[in-house]
Amino acid sequence: MTNLREKQEQFLVQAGQALARREPHQALALLDQADALGRTHNATLNRAVALRLLGDFHASLRILDEALDMKPYDFMALLAKGAMLEKIKQPKAAIDVYRNALKIAPPREACNPGVIAQMDYAARIVDDHAKALGDFMRQRLADLRADVGEAALDRFDEGLEIYAGLKQPPKQQPLLLNYPRLPVIPFYDRTLFPWLSTLEEATSVVQEELTALLDDAFDEFAPYIAYPKGAPVNQWGELNHSRKWSSLFLWKDGRRQDAVCARCPRTAALLDSLPMADQDGFAPTAMFSALQPHTHIPAHTGSSNVRLLAHLPLILPGPARFRVGNTTRAWEMGKAWVFDDTIEHEAWNDADGLRVILIFDVWNPYLDDKEKLLITEMMKAQRDFQAA
């Protein structure tokens, strides 16, 4: 048995060498001899390659299906099948195959340049198809858009891009608690937070106190990202221990920072009047967040979907953008918003000056008061269990 396997392997090696020399007839003869000793996935793939070199694309496609019957999740076989479908003028069928292949693609660093080129080609073909499909659907529906409200139209446009394959649906990815049955909404409807107008009307008051802090205590703004030495920083390498993104806390993990609040009493009183999240040892957190010119906060997610974050812009020296899921907005002075930070989000200060916003957390409006208490006690129990 061992001798037969060695003989079969010898045939396979020789067939591979023949294919490298672009001698498909010799390769097929060697593969016939290998198959006589038992069919293998490797031989089947090589047979498909030989038939492709001979220009028999239909036969190559049939053999690739046999290979995929043996190993349905074979990445290279799927890429090859997509190419064969293109060769026989079935480009839309090829798109589905390429899309499935890309879902199981190995890490790029594990691939040789030839495979990377095939991956990039497949990704480009899939993307081009998605753009063409998106354009087609938009043109078909153009006449129906006139009477649709702005909010509904904004949601529909995102839905169309997801349906076309241009974007992925946003999802919650909390680092601490993923509480069930809460909606996945990047930016929440203002009507759920009637106090937003009170917050916005106080912009000038908060700005006045912030200006004094920046003049007298900007050194107290600390790097927001501060991983210890040796910890994996991942996307935070540029901002770790950097004052490019710094913050000054008024509340932190449920604890009032009395010294800071004393220096901006009207801002502290404003926050006290708002329904901030209240969880002993967890929330609220409220801070001034300062981003230096031309600085990017990379994509990340927050800790728990039971609370949301509110932003009030205070210093906007120029263009500054914020993305949550598939939605990107520009901050506007005097305009606050509430968003779900467990959805991937990132920020850019594209201006030449410092950008500062006030950030604080509030309860998710889809929780009732008794449930909030249960959640808080559950989180405290988990914390105590871990500490013990």
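My aim in this report is to walk through the structure given alongside it, one point at a time. (Residues numbered from 1 in each chain as written. Predicted model: local features only at pLDDT ≥ 70, side-chain atom pairs only at ≥ 80, totals over all residues. Heavy atoms only, no water.)

Moving on, we come to the environment of phenylalanine 221. You can see phenylalanine 221 is positioned in the loop between α10 (203–217) and β1 (222–223). Of the residues examined, phenylalanine 221 reaches a relative accessible area of 1% and is grouped as buried. Considering only alpha carbons, one finds phenylalanine 221 and methionine 287, 66 residues apart in sequence, at a separation of 9.9 Å. In this structure phenylalanine 221 touches Leu210, Leu214, Arg243, Ser246, Ser247, Leu248, Phe288 and Ala290, once residues within four positions along its chain are discounted. (Helix = DSSP H or I, 4+ residues; strand = E, 2+ residues; numbered from the N terminus. Buried < 20%, exposed > 50% of the residue type's maximum accessible area, 1.4 Å probe, protein only. Contact = heavy atoms within 4.5 Å.)

Turning our eyes to something else, we now look at the pattern of salt bridges. Going through the model one piece at a time under the given rule, you end up with 26 salt bridges. For the salt bridge of arginine 39 with glutamate 66, the shortest nitrogen-to-oxygen distance reads 2.8 Å. Note that arginine 39 is positioned in the loop between α2 (24–36) and α3 (41–53) and glutamate 66 in helix α4 (residues 57–70), a separation of 27 residues in sequence. When its relative accessible area of 33% is taken as the criterion, glutamate 66 is described as partly exposed. For the salt bridge of arginine 323 with glutamate 344, the shortest nitrogen-to-oxygen distance reads 2.9 Å. Placement of arginine 323 in strand β7 (residues 320–324) and of glutamate 344 in the loop between β9 (337–339) and β10 (345–349) is noted, with a sequence separation of 21 residues between them. Judged by relative accessible area, arginine 323 falls into the buried class, the value being 14%. A residue is classified by how much of its surface remains accessible, and glutamate 344, at 34% relative accessible area, is partly exposed. Residues participating in the shared-partner salt-bridge network are Asp135, Arg138, Glu161 and Lys167. (Salt bridge = Lys/Arg side-chain N within 4 Å of Asp/Glu carboxyl O.)

Another aspect to go through is unusual backbone geometry. For the bond from alanine 283 to proline 284, the omega torsion is 10°, close enough to zero to count as cis. Along the chain, proline 284 turns up in the loop between α12 (265–273) and β4 (286–291). The residue arginine 181 is not glycine, and still its phi comes out positive at about 65°. Here arginine 181 shows up in the loop between α8 (150–164) and α9 (196–201). A positive phi angle, close to 55°, is found at histidine 294, a residue other than glycine.

Below, the discussion takes up the sheet that holds strand β8 (residues 327–330). Strands sit in the order β5-β10-β7-β8 across an open sheet of 4 strands; the sheet is antiparallel. Where the open sheet ends on each side, the last strands, each with one partner, are β5 (295–300) and β8. Across the sheet, the mean angle from the axis of one strand to that of its neighbour is 10°, orientation sign disregarded. Here β7 runs beside β8; their pairing, made up of 4 bridges, is antiparallel. Its bridge partner being in β8, valine 324 is matched across the sheet by threonine 327. (Pairing = 2+ DSSP bridges. Axes fitted to C-alpha atoms, helices over the stretch in contact; angles between N-to-C directions.)

With that out of the way, let us pick up the nonpolar core. Residues Trp195, Leu199, Leu250, Phe288, Leu358 and Phe360 are the most contacted members of the largest nonpolar core, which totals 35 residues. Counting only elements with at least two residues in this core, the list comes to α9, α10, β2 (245–252), α11 (258–263), α12, β4, β6 (307–315) and β11 (355–363). With 33 residues, the next largest nonpolar core counts Ala48, Ala59, Leu61 and Ala83 among its residues. (Core = buried A, V, L, I, M, F, W, Y, C linked by side-chain atoms within 4.5 Å.)

Taking 1.5 Å of rise per residue, 13 residues should cover 18 Å, and α3 covers 19 Å from first to last C-alpha, within 8% of that figure. Three or more residues of α3 are buried, namely His41, Ala43, Thr44, Leu45, Asn46, Arg47, Ala48, Ala50 and Leu51. Of the residues one or two after α3, glycine 55 is the one with positive phi, at around 85°. (Expected span 1.5 Å × (residues − 1).)

Moving on, we come to the environment of lysine 229. Within the secondary structure layout, lysine 229 lies in the loop between β1 and β2. Along the primary structure lysine 229 and leucine 133 are separated by 96 residues, whereas in three dimensions their C-alpha atoms are 48 Å apart.

The calculated volume of the largest pocket comes to roughly 1,200 Å³. Around the largest pocket, the lining is made up of 46 residues, and of these Tyr224, Gly302, Ser303, Arg307 and Asp341 lie nearest the centre. Looking at the lining of the largest pocket, the elements with two or more residues in it are β1, β2, β4, β5, β6, β10 and β11. Considered class by class, the residues forming the lining of the largest pocket number 25 nonpolar, 13 polar and 8 charged. As for the second largest pocket, its lining consists of 26 residues, and the residues nearest its centre are Asp154, Phe187, Tyr188, Asp189 and Arg329. For the lining of the second largest pocket, the secondary-structure elements that each account for two or more residues are α8, β8 and β9. At 6 residues, α8 tops the list of elements feeding residues into the lining of the second largest pocket. (1 Å grid on protein atoms, 1.4 Å probe; cavity = no way out; pocket = protein on both sides within 12 Å on 5 of 7 lines; lining within 4 Å. Points joined across faces, edges and corners; volume = space filled by probe spheres on them. Nonpolar A, V, L, I, M, F, W, Y, C, P; charged D, E, K, R; others polar.)

The next subject is the packing of aromatic side chains. Taken as a whole, this structure holds 15 aromatic pairs when the rule is applied. Centre to centre, the rings of phenylalanine 218 and phenylalanine 221 are 5.2 Å apart; their planes meet at 45°, and the pair counts as tilted. By relative accessible area, which is 22% here, phenylalanine 218 ends up partly exposed. Sitting above the plane of the phenylalanine 218 ring, arginine 243 keeps its charged end 4.8 Å from the centroid. (Phe/Tyr/Trp six-rings, centres within 6.5 Å; stacked < 30°, edge-to-face > 60°. Lys NZ or Arg CZ within 6 Å of the ring centre and 35° of its normal.)

Let's shift gears to α12. Taken as a whole, α12 has its buried residues at Thr267, Ala268, Leu270 and Leu271. In an axial view of α12, the angular spread of the buried residues amounts to 160°, which keeps them on one side of the axis. (Arc of directions from axis to C-beta.)

The next point concerns the side chain of threonine 295. Along the polypeptide, threonine 295 turns up in strand β5. Residue classification places threonine 295 among the buried positions, given a relative accessible area of 5%. Apart from residues lying up to four places away in sequence, threonine 295 is in contact with Leu239, Lys244, Ala347, Trp348 and Asn349.

Read these as geometric descriptors, not functional statements.
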